[in-house]
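Given next are the chains, with one letter for each unit.
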Amino acid sequence: MILYGARGQAKVIYDLILSNNQLLEYLVDDHPPDHFSHHLEIFKPTQALLQNKEVIIAIGDNKVREAIYHQIKEWCRFEIMQHYSAYVSRFTEVGEGTVIMPNVCINAEVKIGKHCIINTASVIEHECVIEDFVHISPKAALAGNILIKKGAHVGLGANIIQGITIGKNAVIGAGAVVLQDVPDYAVVVGNPGRIVRFVGAENNG
């Protein structure tokens, strides 16, 4: 297995790999830092290094993670990474490249897209749909039947009530309590959650 990335998110996923008694071959990064934990060697990404390998894109930023996916998707395969302490219902679907961190709880009939990050101790209740390239931050809680659209970020400790839709590339701030639907590109903060601005729409299709 190879990690694409050599910074904070990669360090967390590397620790997850060790905890699961799995083997990391090496890391690749477009702009390698001077060093990495345990002094692992970092290479520039090339087709030769990634060809037919199992890869996790260890980048926290949703847009960057998606961009890298489109650059390398024809070369390699994408692993699903799940910490041994996470509970994932047998009736849940998880897409390729998604990482599920320690102490996560994902209940029945949830659908998670590809290359998502389901971060530490978050809770996703029944029948939620999480589209591709979403980041659910630590200790966020999603009640049942929620739709999180592509590229959205749900912040640390945020709470979303049942039946809500979170729009494409929306950002839910840390600790926000979301009681109504959130449109695409909206930034929501506070309790109750309120829209404070819109970001990024002009740079996205």
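Rules used throughout
Residues numbered from 1 in each chain as written. Predicted model: local features only at pLDDT ≥ 70, side-chain atom pairs only at ≥ 80, totals over all residues. Heavy atoms only, no water. Core = buried A, V, L, I, M, F, W, Y, C linked by side-chain atoms within 4.5 Å. Buried < 20%, exposed > 50% of the residue type's maximum accessible area, 1.4 Å probe, protein only. Contact = heavy atoms within 4.5 Å. Pairing = 2+ DSSP bridges. Helix = DSSP H or I, 4+ residues; strand = E, 2+ residues; numbered from the N terminus. Axes fitted to C-alpha atoms, helices over the stretch in contact; angles between N-to-C directions. Polar contact = N/O pair within 3.5 Å; in protein donor to acceptor, adjacent residues only side chain to side chain. Right-handed = clockwise from strand over helix to strand, strands pointing away.

**Q** A description of the nonpolar core should follow, citing residues and the corresponding values.
**A** Counting 31 residues, the largest nonpolar core has Ile118, Ile130, Ile148 and Ile166 as its most contacted members. Dropping the residues within four chain positions of it, Ile166 is found in contact with Leu147, Ile148, Lys149, Ala152, Ile160, Ile172, Val178 and Val182. Listed in part, the 16 residues of the second largest apolar core include Tyr14, Leu24, Leu27 and Met81.

**Q** Can you tell me about the sheet that holds strand β17 (residues 147-148), naming the residues and giving the values?
**A** Pairing is parallel in the open sheet, where 5 strands are placed in the order β8-β11-β14-β17-β20. With partners counted over all chains shown, the strands left at the sheet margins are β8 (93-94) and β20 (165-166), one partner each.

**Q** Please give an account of the sheet that holds strand β5 (residues 77-78) that cites residues and values.
**A** Ordered in space as β3-β2-β1-β4-β5, the 5 strands form an open sheet in which the pairing is parallel. Strands with a single pairing partner mark the edges of an open sheet, and in this sheet they are β3 (42-43) and β5. As paired elements, strand β2 (residues 26-28) and β3 share 2 bridges and run parallel to each other. In the sheet register, Val28 faces β3, and the bridge partner there is Phe43. The strands touched by helix α3 (residues 62-72) within the sheet are β1 (2-4), β4 (54-57) and β5, with β4 carrying the most contacts at an inclination of about 155°.

**Q** Please provide a residue-by-residue account of the side chain of Asp29, values included.
**A** Turning to its location among the elements, Asp29 is positioned in the loop between β2 and β3. For Asp29, the side chain forms a polar contact with the main-chain nitrogen of Ala6, separated by 3.0 Å. From its side chain, Asp29 meets the backbone nitrogen of His31 in a polar contact 2.8 Å long. If we skip the residues at most four places from it in the chain, Asp29 touches Gly5, Ala6, Arg7, Ile42, Phe43, Lys44 and Pro45.

**Q** Just give me the short version of the pairing of β4, but keep the residues and values in it.
**A** Examined bridge by bridge, β1 and β4 share 3 bridges and lie parallel to one another. Paired with Ile2 across the strands is Val55, a residue of β4. By the bridge criterion, 2 bridges tie β4 to β5 in an arrangement that is parallel. By the bridge assignment for β5, Glu54 is matched with Arg77. Note that the unit made of β4, α3 and β5 has a crossover that is right-handed.

**Q** Run through the environment of Gln82, naming residues and quoting values.
**A** Within the secondary structure, Gln82 is located in strand β6 (residues 81-82). The residues touching Gln82, leaving out its near neighbours within four places in the chain, are Leu16, Asn20, Val88 and Ile100.

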